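Residues per chain are reported as follows:
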Amino acid sequence: MSIFFIYISSFLFTIPFPKRNRPKYLPLKIAILNLFTLICVTGCSFTKEPIQRTDFLLDTVVTISLYDHSSQKLLDECFDLCKNYESKFSKSIPTSDIAKINASNGAPTKVSDETIDLLNISLDYCKLSEGNFDITIGNVSSLWNFTDGSNLIPSKRDIEKAISSIDYTKIFIQGNEVTLLDPNLSLDLGGTAKGYIADRLKEFLLSKGVNSALINLGGNLLSIGEKPDGSPFSIGIQMPFETKNTTIDVIQIKDQSVVSSGIYERYFFVDDILYHHILNPKTGYPYENNLFGVSILCDSSVDGDCLSTICFTLGLQKGMKLIETLDNTEALFITKDYVLHPSSGWGN
């Protein structure tokens, strides 16, 4: 049986840890590899090895594997698509659609069809979450840094100023023009863009006749079809705070997406408190609940991307209640005692 590990982009949260029980902090280079690399950890049953390419894009490690095609050109075209979408959605690229909106000072900004599409999807999930998930969190997220080793908590004054300009309802879209009704708003599509891009890559590969493939965008894992022998792909859910390739659960998928979000990859300690990067838009500080992580199983990667965030923010009870109302969507919640809480159809 082949098991593919899904490593995740974590969110922000605080948990007190006694010093003797602290998870070891990995050096950045090792952490990045553990976060985002799709790894086959057991002997593969395929008659021939897939072709694949790995590169660092979208601020993460991207791996695309084709099982029924041998065209390196097709893989290269996939990565060109990733770069094209990144040039539209990244807030850190000055010429991107999102950067232009953020710098517009409230003036209407014309953007691409893809950006409008992603914004509308993101806003639907902002509404669904009742603001627990808010794409105008950019001023707050820019205050926190989990990669430079500084381990600095932003000042209360800076956070209070930043949260005063968070309100997704003040994004106005008309045709291809986007207007920020509050000019101080700052968009951050980090919680939705990778899932959206994964879905577009799947559409592209299907149009080229690919029927068996895996797309991994830094923890957003999307399968096209099944293995060449007709069996499902086995996706391993990482054991929280385990540095080795150790699963806490395995899910079988065919033509589906698995997206995981959790507290145990991008974090730092201050005074025995663990901080990680899912931020509460209402406070500017880490969400606090009893969860290590949430994995979402559904058909669309962008849906999984948004729902993994939202379910984490809602916590176990409210998050599970939401999942049970959604068609073709399942979830696995991992609480701090390492107990698994699957939705009614997880693994069925």
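Residues numbered from 1 in each chain as written. Predicted model: local features only at pLDDT ≥ 70, side-chain atom pairs only at ≥ 80, totals over all residues. Heavy atoms only, no water.

K.L.:
I'm lost on the pairing of strand β5 (residues 60-66) in this one. Help?
P.N.:
The side chains of a regular strand alternate, residue by residue, between the two faces of the sheet. Counting buried positions along β5 gives seven out of seven residues, so the element sits mostly inside the fold. Judged from the seven bridges that link them, strand β4 (residues 51-57) and β5 form a sheet pairing that is antiparallel. Bridge pairing in β5 links glutamine 52 to serine 65. Connecting β4 to the antiparallel partner β5 that follows it, the hairpin turn spans two residues, and leucine 58 within it adopts a positive phi of roughly 60 degrees. Here β5 runs beside strand β9 (residues 212-217); their pairing, made up of five bridges, is antiparallel. Counterpart to serine 65 in the pairing with β9 is leucine 214. (Buried < 20%, exposed > 50% of the residue type's maximum accessible area, 1.4 Å probe, protein only. Helix = DSSP H or I, 4+ residues; strand = E, 2+ residues; numbered from the N terminus. Pairing = 2+ DSSP bridges.)

K.L.:
What should I look at first to understand the sheet that holds strand β16 (residues 291-298) in this one?
P.N.:
Sheet strands line up and pair through hydrogen bonds in the backbone, either parallel or antiparallel. Sheet architecture is open: eight strands sit in the order β4-β5-β9-β10-β13-β16-β17-β18, paired in antiparallel fashion. Lying at the two open borders of the sheet, with one neighbouring strand each, are β4 and β18 (340-342). Each strand axis lies, on average, 10 degrees off the axis of its neighbour in the sheet, ignoring direction. Inspection of the sheet shows β9 paired to strand β10 (residues 220-225) by six bridges, in the antiparallel sense. By the bridge assignment for β10, alanine 213 is matched with isoleucine 224. Of the strands in this sheet, β5, β9 and β10 touch helix α7 (residues 193-207), which is tilted by about 20 degrees from β10. Each of β10, β13 (257-262), β16, β17 (330-335) and β18 is contacted by helix α8 (residues 301-323), which is oriented at about 125 degrees to β16, the strand it contacts most. (Axes fitted to C-alpha atoms, helices over the stretch in contact; angles between N-to-C directions. Contact = heavy atoms within 4.5 Å.)

K.L.:
It is not clear to me how the packing of helix α4 (residues 113-128) against α8 should be interpreted in this structure. Could you clarify?
P.N.:
A pair of packed helices is characterised by two quantities: the angle between their axes and the separation of those axes. Interaxial distance between α4 and α8 falls to 10 Å at its minimum, and their mutual angle equals 5 degrees. Here α4 is positioned roughly parallel relative to α8, judged by the angle of their axes. For the pair α4 and α8, the contacting residues are Ile121, Tyr125 and Leu128 in the first and Val302, Asp303, Cys306, Leu307, Ile310 and Leu322 in the second. (Parallel < 35°, antiparallel > 145°, perpendicular 65-115°, else oblique.)

K.L.:
Can you help me understand the environment of phenylalanine 233 in this one?
P.N.:
With respect to the helices and strands, the residue phenylalanine 233 is situated in strand β11 (residues 233-238). With a relative accessible area of 0%, phenylalanine 233 lands in the buried category.

K.L.:
In this structure, what is going on with the pattern of salt bridges? I would like to understand it.
P.N.:
Pairs may arise between side chains of opposite charge once their charged atoms sit close together. The tally for this structure, following the rule as stated, stands at six salt bridges. Where arginine 200 meets glutamate 203, a salt bridge forms, and the shortest distance between an N and an O atom there is 2.8 Å. Linking arginine 200 with glutamate 203, this pair stays in helix α7, spanning three residues, or about one helical turn. Classification of glutamate 203 by relative accessible area gives partly exposed; the value is 46%. A salt bridge links lysine 202 to aspartate 255; its shortest N-O distance comes to 2.9 Å. Remark: aspartate 255 occurs in the loop between β12 (247-253) and β13 and lysine 202 occurs in helix α7; sequence separation between them is 53 residues. What makes lysine 202 buried here is its relative accessible area of 10%. (Salt bridge = Lys/Arg side-chain N within 4 Å of Asp/Glu carboxyl O.)

K.L.:
It is not clear to me how the environment of phenylalanine 79 should be interpreted in this structure. Could you clarify?
P.N.:
With respect to the secondary-structure elements, phenylalanine 79 resides in helix α2 (residues 72-89). For phenylalanine 79, a relative accessible area of 0% puts it in the buried group. The contact partners of phenylalanine 79, leaving out residues within four places of it in the chain, are Arg53, Thr54, Asp55, Leu57, Val62 and Ile64.

K.L.:
Got a minute to help me understand the nonpolar core in this structure?
P.N.:
Looking at soluble globular proteins, one finds that nonpolar side chains tend to be buried together. Among the nonpolar cores identified, the biggest contains 82 residues, and Ile64, Leu205 and Ile215 are the most heavily contacted of them. Broken down by element, the residue count for this core peaks at 10 residues, all from α8. Core analysis: the second largest hydrophobic core is formed by 10 residues, Trp144, Phe146, Ile166 and Tyr275 among them. (Core = buried A, V, L, I, M, F, W, Y, C linked by side-chain atoms within 4.5 Å.)

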